Amino acid sequence: MEVSFGKEVQLLRLGRGDTFHGEGILAITKALLQSGVSYVGGYQGAPVSHLLDVLVQARPYMRELGVHVQACANEASAAAMLGASIHYPLRGAVTWKSIVGTNVAADALSNLSSPGVRGGVLIVVGEDYGEGASVIQERTHAYALKSSMLMLDPRPELGTMVRMVEAGFALSEASNMPAIMELRVRACHVRGSFECKDNVTPAVSTLQPLPEPAAFDYARLAHPPVTFAHEKLKVEQRIPAACRHIAAHGLNELFEGRPGHHSEVGLIVQGGLHNVLVRSLQQLGLADAFGASELPILALNVTFPLVPEQLAAFCAGKRSVFVVEEGQPDYIERDIVATLHRLAVQIDIHGKDLLPATGEVTVEALSAGLTGFVGRYLPQHPLQSARAWLAANTQRRDAVARQIARKIGTPLPPRPPTFCVGCPERPVFAALKLAQQQVGPVHVAADIGCHAFATFEPFSSGHSILGYGMSLASSAGVSPLMQRRVLSVMGDGGFWHNGLLTGVQSALFNGDDSVLLIMKNGYTAATGTQDIISTPDEDAKAREPDKQRSVVDHDATIESTLKGLGVQWMRTVHTYHVDKMRKTLEEALTTPFAGLKVIIAEGECQLERQRRAKPWIANLLKTGRRVSRVRYGVDEDVCNGDHACIRLSGCPTLTLKDNPDPLKLDPVASVIDGCVGCGLCGENAHAATLCPSFYRGEVVTNPTLAERVVEALRAPWRRRLQLT
Ligand code: SF4
Ligand code: SF4
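Just so we're clear, the structure is a prediction, and the values are computed from it rather than from any experiment. (Residues numbered from 1 in each chain as written. Chains lettered and ligands numbered in written order. Predicted model: local features only at pLDDT ≥ 70, side-chain atom pairs only at ≥ 80, totals over all residues. Heavy atoms only, no water.)

(A) How the structure looks around the packing of aromatic side chains. For the structure on display, the rule yields nine aromatic pairs. With 5.2 Å between their ring centres and 40 degrees between their planes, F373 and Y377 make a pair best called tilted. You can see F373 and its partner Y377 sitting in helix α15 (residues 363-377), four residues apart, about one turn around the helix. Assessed through its relative accessible area of 1%, F373 is described here as buried. Between F419 and F453 the ring centres are 5.7 Å apart and the planes differ by 80 degrees, which places this aromatic pair in the edge-to-face class. (Phe/Tyr/Trp six-rings, centres within 6.5 Å; stacked < 30°, edge-to-face > 60°. Helix = DSSP H or I, 4+ residues; strand = E, 2+ residues; numbered from the N terminus. Buried < 20%, exposed > 50% of the residue type's maximum accessible area, 1.4 Å probe, protein only.)

What follows is the structure in structure tokens.
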């Protein structure tokens, strides 16, 4: 990948006496090294990609420490890596995006949790839930409950997060349970500082390997009949051991509240929501500017298992407690209610009756819930200002909606994300639109990846998304029951993650008559443009930094893999060749060949290409050398205003402007400054025989002497023509 994490790698080297300043996810990465981790693996995904990205770029330093770093093929392979800690006293950490990654890893996690671990295990997951989430709205908490794994949800403050990494390993070792640490988007990006410790060189490492394998121990296999004993161990030994350790080491934090203030009520909060709670209390005038609360707070940095005695002690003598928990089902609230009931603690418990059942717990949502709670149990506390603030928020939104409705007659349409300017995947969907005009509409099994942007306008393409790399597999039920052939779209990231086995192998084995379109952009682009096995080597980009990299530079191409597996109908087409792509799609959808047909749409991720090209071009300009950049434009005198080009492209730099002709009302198409000259506008105009309003220009900086002479001769004639 073209992004450099050089500065972040340097931060990992900080030691005792140094202060770390930076983001939460990097603090977690540093904490892993301070905890003496022997191995780290994972599969990238927001918001935790940085953890693995930074460690991969820090490999030379990891070699110095003896820490093994593995960029895994998918989350299942990352979870399986944790098997190293079943027998051996090795601390290991893996990372991925949840819930999707945890779903992929679920089999290995069950089989890890059953025998339990000897060395501490920490699974750092990006809890991609709530506002801005890019996946299904489910909580990782369910996995901790079902497989008996520890669930850590640290308070988003760097010192606490770092302490919880170290404590998480110790807790895992004390209980033999693997630990999941969930980090919300805001926790990953929260900024702060903490006092560093020296990194710990692990006792067992790549520098000090184990001399012998462990002795055979059937009890450490996840295999019946010993799994029956494992189930009992979880309940009778491991969870009680975890509870003892959590209480003894103060992993959950008690904030007593100001003495003499409102001790008759209390708040129990998931650690990760503590900052939101404090901000809400400030809105209600119940916390000072430094975050000191007037109400007692129990912040659960460990949300599973809960410690019954700790809950009972916190609730003792209180009239009511408000449980702040995000999302559904309300696992924690129900656990607290059941625990207190069993312990015969008489108290009113509130939570989801005052909070939204679904979605992110924002400051506004929590403030509304707290207002109800405080109004009922602390009636003497003034709430006018909080209520006025909440009402003003609603009024402001309503006023904006009314203003928009007055101006444009309808509510503002949502602005979905879209492909980058010049993305190589956009032309494929333009070609698909054109192909369907010939063969008729086709069922499109879509997938996870940048190509999923095609589900938005102007393409609106895709009937289902069943998981990363699962498109072809998801078409298996539709395809035999559909008169017209089914098309499955998959990225190269998804292909290597899962699609090769679940999709291609199954389709070949079952003789599926369908079409697979693989977007070969060279990276797992949607997760941050990480390299994959088919990413070409570094020499290729060094030779021509501004050129599209061709994956034929690499031995392990997708084509050779598919050929080896027995795919007989395969075409590789450059994505920007819209007409060729259209014809290839039409052929694949209508050919008499009845087996699996694979089209490989080759075109390097434009984002990666620009990251490489921009510094190279800047350097050329700095040194006074010639630089030529292609730009497309629309001749506004020719544009007839039907905007067919925009409906076929969707490029954000191809937009509209007022018609300069006072006799024409329709706005004209216009290419604005961000155009990277990818060529799609020209290709679309040709493939769809659009109006001839597009032109291609070259912007030359530092032209040669010959170019200056030619321009000097041309310029007067051009000016004269413009005047006539
Ligand atoms: S990251 Fe790359 S592949 Fe993804 S939308 Fe942008 S240019 Fe396209
Ligand atoms: S050529 Fe067209 S599609 Fe390509 S970047 Fe420019 S405006 Fe966008």
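The structure having been displayed, the exposition proceeds.
(B) Just unusual backbone geometry, in detail. Here the residue pair S98 and I99 is connected by a cis peptide bond, since its omega of 20 degrees sits within 30 degrees of zero. Tracing the backbone shows I99 in the loop between β4 (92-98) and α7 (100-113). A cis amide bond links F304 to the next residue, P305, at an omega of 0 degrees. Mapped onto the elements, P305 comes out in the loop between β12 (302-304) and α13 (308-315). Here the phi dihedral of H262 falls at roughly 50 degrees; this positive angle occurs in a residue that is not glycine. Secondary-structure assignment places H262 in the loop between β9 (253-255) and β10 (265-270). Residue H262 is classed as buried on the basis of its relative accessible area of 13%. Positive phi outside glycine occurs at T689, with the angle close to 40 degrees. Mapping T689 onto the fold places it in the loop between α25 (680-687) and β26 (694-701).

(C) Geometry of helix α21 (residues 558-565). Restricting attention to buried positions, one finds in α21 the residues I558, E559 and L562. Mapping the buried residues of α21 onto a view down its axis gives an arc of 100 degrees, with all of them on the same face. Pointing more than 90 degrees away from the buried face of α21 are the exposed residues K563 and G564. Summarising the contacts, the buried residues of α21 are in contact with α19 (492-509), β18 (515-520), β21 (569-574) and β22 (597-602). Where α21 terminates, the next one or two residues include G566, which has phi positive at roughly 110 degrees. (Arc of directions from axis to C-beta. Contact = heavy atoms within 4.5 Å.)

(D) Quick peek at the sheet that holds β10. Read from one edge of the open sheet, five strands run β9-β11-β10-β13-β14, paired in mixed fashion. Every interior strand has two partners, whereas the edge strands, β9 and β14 (348-350), have only one. The average undirected angle you get between the axes of adjacent strands in this sheet is 20 degrees. Here β10 pairs with strand β11 (residues 297-300) via four bridges, running parallel. Bridge pairing in β11 places Q270 opposite L300. Helix α12 (residues 274-283) contacts β9, β10, β11 and β13 (320-324) of the sheet and is inclined by roughly 145 degrees relative to β10. Each of β9, β10, β11 and β13 touches α13; the most contacted strand, β10, lies at about 145 degrees to it. (Pairing = 2+ DSSP bridges. Axes fitted to C-alpha atoms, helices over the stretch in contact; angles between N-to-C directions.)

(E) Spatial organisation of the pattern of salt bridges. Per the counting criterion, the structure on display carries 27 salt bridges. Residue E326 is joined to R184 by a salt bridge in which the shortest nitrogen-to-oxygen separation is 2.9 Å. Note that E326 is positioned in the loop between β13 and α14 (331-342) and R184 in strand β7 (residues 179-184), a separation of 142 residues in sequence. For E326, a relative accessible area of 5% corresponds to the buried category. When its relative accessible area of 10% is taken as the criterion, R184 is described as buried. For the salt bridge of E604 with R612, the shortest nitrogen-to-oxygen distance reads 3.0 Å. Assessed through its relative accessible area of 2%, E604 is described here as buried. (Salt bridge = Lys/Arg side-chain N within 4 Å of Asp/Glu carboxyl O.)

(F) Inspection of the nonpolar core at higher detail. In terms of nonpolar packing, the biggest core is built from 81 residues, with M62, W96, L122, I123 and L183 touching the most fellow members. The dominant element in this core, judged by the number of residues it contributes, is helix α9 (residues 158-175), at eight residues. Residues contacting I123, with those up to four places away along its chain left out, are L82, V94, W96, L109, M149, P178, A179, I180 and M181. Judged by nonpolar contacts, the second largest core, of 32 residues, contains V444, A454, A601 and A687. (Core = buried A, V, L, I, M, F, W, Y, C linked by side-chain atoms within 4.5 Å.)

(G) Structural detail: the packing of helix α17 (residues 426-439) against helix α22 (residues 578-590). With their axes 8 Å apart at the nearest point, α17 and α22 run at an angle of 50 degrees to one another. Put simply, α17 runs oblique to α22. For the pair α17 and α22, the sense of crossing is right-handed. In this structure, α17 contributes P427, V428, A431, L432, L434, A435, Q438 and V439 to the contact, and α22 contributes V578, M581, R582, L585, E586, L589 and T590. (Parallel < 35°, antiparallel > 145°, perpendicular 65-115°, else oblique. Left-handed = near helix turned anticlockwise from the far one by under 90°.)

(H) Focus on the sheet that holds β4. Strand order in the open sheet formed by seven strands is β3-β2-β4-β5-β7-β6-β12, and the pairing between neighbours is mixed. Both edges of this open sheet fall to β3 (68-71) and β12, since each of them pairs with a single strand only. Each strand axis lies, on average, 20 degrees off the axis of its neighbour in the sheet, ignoring direction. When strand β2 (residues 39-42) meets β4, the two strands line up parallel, connected through four bridges. In the sheet register, G42 faces β4, and the bridge partner there is T95. Against the sheet, helix α2 (residues 24-34) makes contact with β4, β5 (121-127) and β7, and its axis sits at roughly 155 degrees relative to β7, the strand it touches most.

(I) Main features of the site of ligand 1. Taken together, the neighbourhood of ligand 1 is formed by F419, C420, C423, E425, C450, N521, A525, C605, Q606 and L607. When the residues that make up the shell around ligand 1 are grouped by side-chain class, the tally is seven nonpolar, two polar and one charged. (Near = heavy atom within 4 Å. Nonpolar A, V, L, I, M, F, W, Y, C, P; charged D, E, K, R; others polar.)

(J) Molecular detail of the state of the cysteines. Under the counting rule described, the total for this entry stands at zero disulfides. Unpaired in this structure, C72 has its nearest cysteine sulfur neighbour in C188, at a distance of 18 Å. Take C72: its relative accessible area is 8%, and that puts it in the buried class. Left without a disulfide partner, C645 is nearest to the cysteine sulfur of C639, which lies 6.4 Å away. (Disulfide = S-S within 2.5 Å.)

(K) Inspection of the packing of α19 against α21 at higher detail. Closest axis-to-axis distance for the α19/α21 pair is 11 Å, and the angle between their directions is 20 degrees. Judged by the angle between their axes, α19 and α21 are roughly parallel. As α19 packs across α21, the resulting crossing turns out to be right-handed. Residues D492, F495, W496, L500, V504, Q505 and L508 of α19 pack against I558, T561, L562 and L565 of α21.

By themselves, these are just geometric observations and shouldn't be taken as functional.
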